[in-house]
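Read off the chains here:
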There are 2 protein chains.
Amino acid sequence: MQNDKRPRLAIDMDEVLADTHQKFLALYHQDYGIAMDIYQEPGKELHENLPDHLREQWKVYIHQKGFFRDIPPMRDAIETVKALQERYNVYVVSAAIEFRNSLEDKLDWLDEHFPFIPWTNILFTGEKIIAADVMIDDRIKNLAHFQGRKLLYTSPHNVLITGYERVNSWRDVAELLL
Amino acid sequence: MQNDKRPRLAIDMDEVLADTHQKFLALYHQDYGIAMDIYQEPGKELHENLPDHLREQWKVYIHQKGFFRDIPPMRDAIETVKALQERYNVYVVSAAIEFRNSLEDKLDWLDEHFPFIPWTNILFTGEKIIAADVMIDDRIKNLAHFQGRKLLYTSPHNVLITGYERVNSWRDVAELLL
């Protein structure tokens, strides 16, 4: 509820609630025999670590119906978010609008893994022009213009970024916010 | 762009950009022979003006795939929003998450009628926890907690509401904001 007294906590989906990285690795392994433990060069996007001829393949995957439906949740995410709801008004905010085919999949995924988050607290956005107190995201483009407390959720692509309060896991989030 | 200097203007879809009311009337006429010009009692929802046995029918319609795909745009909406983009960073903010089957339809509808609004500026929400400067909406539940300037777009269900700055048409919006 918007007239809720709890602080608003806005949480990203991909690489934060959902282990989208794992889904990509599984597909590269299945379709091209690329080792699942492909070396992640710090600060690079996953596709930048792939052979040249596969660098655009992620765009094919990410637009496919079903891509976002069976992604594993991040470790400890479900339990931690459930606990956070006691102190925070938790919103899930995903920049999903870029990917038309992701919308229903993402909603169904949340319904399966986070059924305790009501539809009122889900937002699919372009830019995250969100009025909240805390935001957890792995992309600084989403955090940069946010007015509240910003928590950068560590992902290989962002490890070289400094100047942000950082969380490396959902246990870190629990320690900071609970 | 979020680092845009123009004020952010958040615009609702149903009953503001899209004449959803007309779509309902067309369906009631087609399926049940209800007159298209059914009397709208001020302050009541459309379904409250229908015979008892049809009062829940709107919930069936609104969950159907395709319902939101062929709604007529509101008069003068397209031209006015285009003109507003010169002075405002225009976002479309629709509380679409409640209706899973509306998501793709609404995106396709915007792409057809408002192709000049980029995906970055579209948000499908539960609650509209939006950081913007101006919001145009026909529902006070969306305006009530908004921190910026609130413009209530007149619709039969809201005509008895006082205490809000009101616009009766897109010409009114143009006069106020351009």
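Residues numbered from 1 in each chain as written. Chains lettered and ligands numbered in written order. Predicted model: local features only at pLDDT ≥ 70, side-chain atom pairs only at ≥ 80, totals over all residues. Heavy atoms only, no water.

K.L.:
Break down the UniProt feature "active site" (unreviewed entry) in chain A for me, citing the residues and quoting the values.
P.N.:
Residue and element names in this part refer to chain A. Per the UniProt annotation, the sites labelled "active site" (unreviewed entry) are Asp12 and Asp14. Mapping Asp12 onto the fold places it in the loop between β1 (8–11) and α1 (20–32). Judged by its relative accessible area of 6%, Asp12 is buried. Not counting residues within four places of it along the chain, the set of residues in contact with Asp12 comprises Leu17, Val93, Ser94, Lys128, Ile136, Asp137 and Asp138. (UniProt positions renumbered as here; feature names shortened; annotations may be inferred. Helix = DSSP H or I, 4+ residues; strand = E, 2+ residues; numbered from the N terminus. Buried < 20%, exposed > 50% of the residue type's maximum accessible area, 1.4 Å probe, protein only. Contact = heavy atoms within 4.5 Å.)

K.L.:
Mind laying out the sheet that holds strand β6 (residues 165–167) of chain B, listing which residues take part and the relevant values?
P.N.:
With respect to topology, 12 strands assemble into an open sheet ordered β6(A)-β5(A)-β4(A)-β1(A)-β2(A)-β3(A)-β3(B)-β2(B)-β1(B)-β4(B)-β5(B)-β6(B), the strand pairing being mixed. The strands lining the two open edges of the sheet, one partner per strand, are β6 (165–167) of chain A together with β6 of chain B. Across the sheet, the mean angle from the axis of one strand to that of its neighbour is 25°, orientation sign disregarded. Two strands pair when backbone bridges link them, and strand β1 (residues 8–11) of chain B and strand β2 (residues 89–94) of chain B are joined in this way by 4 bridges, in the parallel orientation. When the bridges of β2 of chain B are listed, Leu9 of chain B appears paired with Val90 of chain B. Along the sheet face, helix α4 (residues 103–113) of chain A touches β2 (89–94) and β3 (122–125) of chain A together with β3 (122–125) of chain B and points at about 155° away from the line of β3 of chain A. (Pairing = 2+ DSSP bridges. Axes fitted to C-alpha atoms, helices over the stretch in contact; angles between N-to-C directions.)

K.L.:
Describe unusual backbone geometry, and please don't skip the residues or the numbers.
P.N.:
All names here are of chain A. If you check the backbone angles, Asp76 has positive phi at about 65° while not being a glycine. Here Asp76 is to be found in the loop between α2 (57–63) and α3 (77–84). Overall, Asp76 belongs to the partly exposed group, its relative accessible area being 23%.

K.L.:
Lay out the interface of chain B and chain A with the relevant residues and their values.
P.N.:
Put simply, an interface is often sized by how much accessible area is lost when its parts join up. If you look at the interface, chain B gives 29 residues, while chain A gives 29 residues. At the junction of chain B with chain A, the criterion picks out 6 salt bridges. Note that Glu104 of chain A is salt-bridged to Arg100 of chain B, the shortest N-O span being 3.6 Å. Broken down by secondary-structure element, the contributors of at least two residues to the side of chain B that touches chain A are α4 (103–113) and β3 of chain B. When its residues are assigned to classes, the side of chain B that touches chain A shows 12 nonpolar, 8 polar and 9 charged. (Salt bridge = Lys/Arg side-chain N within 4 Å of Asp/Glu carboxyl O. Nonpolar A, V, L, I, M, F, W, Y, C, P; charged D, E, K, R; others polar.)

K.L.:
Break down helix α6 (residues 170–177) of chain B for me, with residues and values.
P.N.:
Residues and elements named next belong to chain B. Of all the residues in α6, the buried ones are Trp170, Val173 and Leu177. All buried residues of α6 project into a common sector of 50° when viewed along the axis, lining one side. Away from the buried face of α6 by more than 90 degrees, exposed residues Arg171 and Glu175 are located. Sitting at the head of α6, Ser169 places a side-chain oxygen 3.3 Å from the backbone nitrogen of Arg171. (Arc of directions from axis to C-beta. Polar contact = N/O pair within 3.5 Å; in protein donor to acceptor, adjacent residues only side chain to side chain.)

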